[in-house]
Amino acid sequence: MIAAGNEGWKKLAHPATVDVFERYALDAHVARCVNDPVVGDDGGLTTTRDYKTYADAFETAADRKWLQIKDFVQPGRILDIGCATGATLQLIDRDPRFHESDLIGVEVARHLYAECVHKKEQGLFSNPNVYFYQRNMLGSAVFPPRSIDTTLTLALTHEIWSYADGSRPATVQRFADALFAHTAPHGVWINSDVCGPDEPDRSVVLRLDDSDGVNPDDVAELETLGDVASYVGKLSTRARFFQFAHDFRRNARVRFEYAVRGDEIVLRLADAMDFLTRKDYVDNWLSETHEQFCGLNFAGWTAVAERAGFTIDPCSKAWRNDWVVDHRIAPVASITTPDGVPVDWPVTHQLMIARR
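Residues numbered from 1 in each chain as written. Predicted model: local features only at pLDDT ≥ 70, side-chain atom pairs only at ≥ 80, totals over all residues. Heavy atoms only, no water.

Colleague: For this particular structure, what's the right way to read the environment of Val214?
Modeller: Mapped onto the secondary structure, Val214 falls in the loop between strand E6 (203-208) and helix H9 (228-233). Owing to a relative accessible area of 46%, Val214 belongs among the partly exposed residues under this scheme. Along the sequence, Val214 and Cys294 sit 80 residues apart, while their C-alpha atoms lie 28 Å from each other. The residues touching Val214, leaving out its near neighbours within four places in the chain, are Lys234, Leu235, Ser236 and Ala239. (Helix = DSSP H or I, 4+ residues; strand = E, 2+ residues; numbered from the N terminus. Buried < 20%, exposed > 50% of the residue type's maximum accessible area, 1.4 Å probe, protein only. Contact = heavy atoms within 4.5 Å.)

Colleague: Please clarify how the environment of Arg202 should be interpreted in this entry.
Modeller: Its location among the elements puts Arg202 in the loop between strand E5 (183-194) and E6. With relative accessibility at 32%, the residue Arg202 sits in the partly exposed group. Here Arg202 is in contact with Leu267, Arg268, Leu269, Thr337 and Val343, once residues within four sequence places are set aside.

Colleague: Explain the pattern of salt bridges to me, please; I cannot follow it from the model alone.
Modeller: Once the charged atoms of two side chains with opposite charge are near each other, the side chains can pair. Within this structure, the stated rule accounts for 19 salt bridges. With its nearest N and O atoms 3.0 Å apart, the salt bridge here joins Arg250 to Glu221. Here Arg250 is found in helix H10 (residues 237-251), whereas its partner Glu221 is found in the loop between E6 and H9, with 29 residues between them in sequence. (Salt bridge = Lys/Arg side-chain N within 4 Å of Asp/Glu carboxyl O.)

Colleague: What is the right way to look at the pairing of E5 in this model?
Modeller: Consecutive residues of a regular strand have side chains that alternate between opposite faces of the sheet. Across the 12 residues of E5, 10 count as buried, placing the element largely inside the fold. Note: strand E4 (residues 148-154) against E5, 6 bridges, orientation parallel. Counted as the bridge partner of Ile148 is Thr183 from E5. Of the strand pairs in this sheet, E5 and strand E12 (residues 349-355) are connected by 7 bridges, and their pairing is antiparallel. (Pairing = 2+ DSSP bridges.)

Colleague: What am I meant to see in the packing of helix H8 (residues 168-182) against helix H13 (residues 298-308) here?
Modeller: Two packed helices can be described by the angle between their axes and the distance between those axes. For the pair H8 and H13, interaxial distance at closest approach is 8 Å and the crossing angle is 50 degrees. It follows that H8 is oblique to H13 by the angle criterion. Handedness of the crossing formed by H8 with H13: right-handed. Here Val172, Gln173, Ala176, Asp177 and Phe180 of H8 lie close against H13, whose contacting residues are Trp301, Val304, Arg307 and Ala308. (Axes fitted to C-alpha atoms, helices over the stretch in contact; angles between N-to-C directions. Parallel < 35°, antiparallel > 145°, perpendicular 65-115°, else oblique. Left-handed = near helix turned anticlockwise from the far one by under 90°.)

Right, here's the structure in full:
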């Protein structure tokens, strides 16, 4: 009743309970928790995610991401939001530059948070000042103003965008505003994530291989299948596109418009890349089709940070993951202009260094 805003609960509860709830604003706190737009019933972003696969991917990528960001991390209070299994904080813990720093991990998913706590209990951190919290950073402020020297968001901001309830631009702006508020003077926000192409609305022609799997006549309602990964994994790249379009429109609540002309698919460049960068994520297909990688491009994300008050470091950049392009995309797909001129594969990722 409290979560629904029904004041009738006060007539059912003991007057002492009502007094305590009103004195400490517990009713508002309960309503915020229950109606949280990000946290699902299982304490995570989504009930369809395979957290073992998700955790393994973060562990594997931690070394590569650390090499990309380590020169920008400042000692002091270092906060990793969406820390997954704490792998990046383990690498920071091993760096002598940060032996006197406080290492703070925030993770919303219960499964991943539990693994962080387990690692700390096992003694995998040499720094005694390591702390983990299960929190949603989109709720009320977690840290005092101007108290954090380095904030890390690694493969996180596209999820903030994707799981926003209501206006996505307003939600990511609120998130950036909160980061600026807790950043200390001369502190830094380091954002490493996917992003959309520089020209998201550019019309392109997409051609996809249909010989690398089966081509059913219709898309499937995957929720009715016992083994989603096996089904999607057997589809050809072209058939997988139509399945993706069906699931992405419904799960991510996006328009994803396209036109089919023989073996050609005409659509926006951003929509083409949303499919091509996710088409191989069959283990977490239902979860991944909730997310939009290309909702904002690099210019869009830097504008969000600048509106919050940050200054963008010149080292910031958008870049293309050539390994993914060469091994996952180019062998089965091509993009051209409507006139048939080949289009270079666009950027896929960003590294944003935002300073206060």
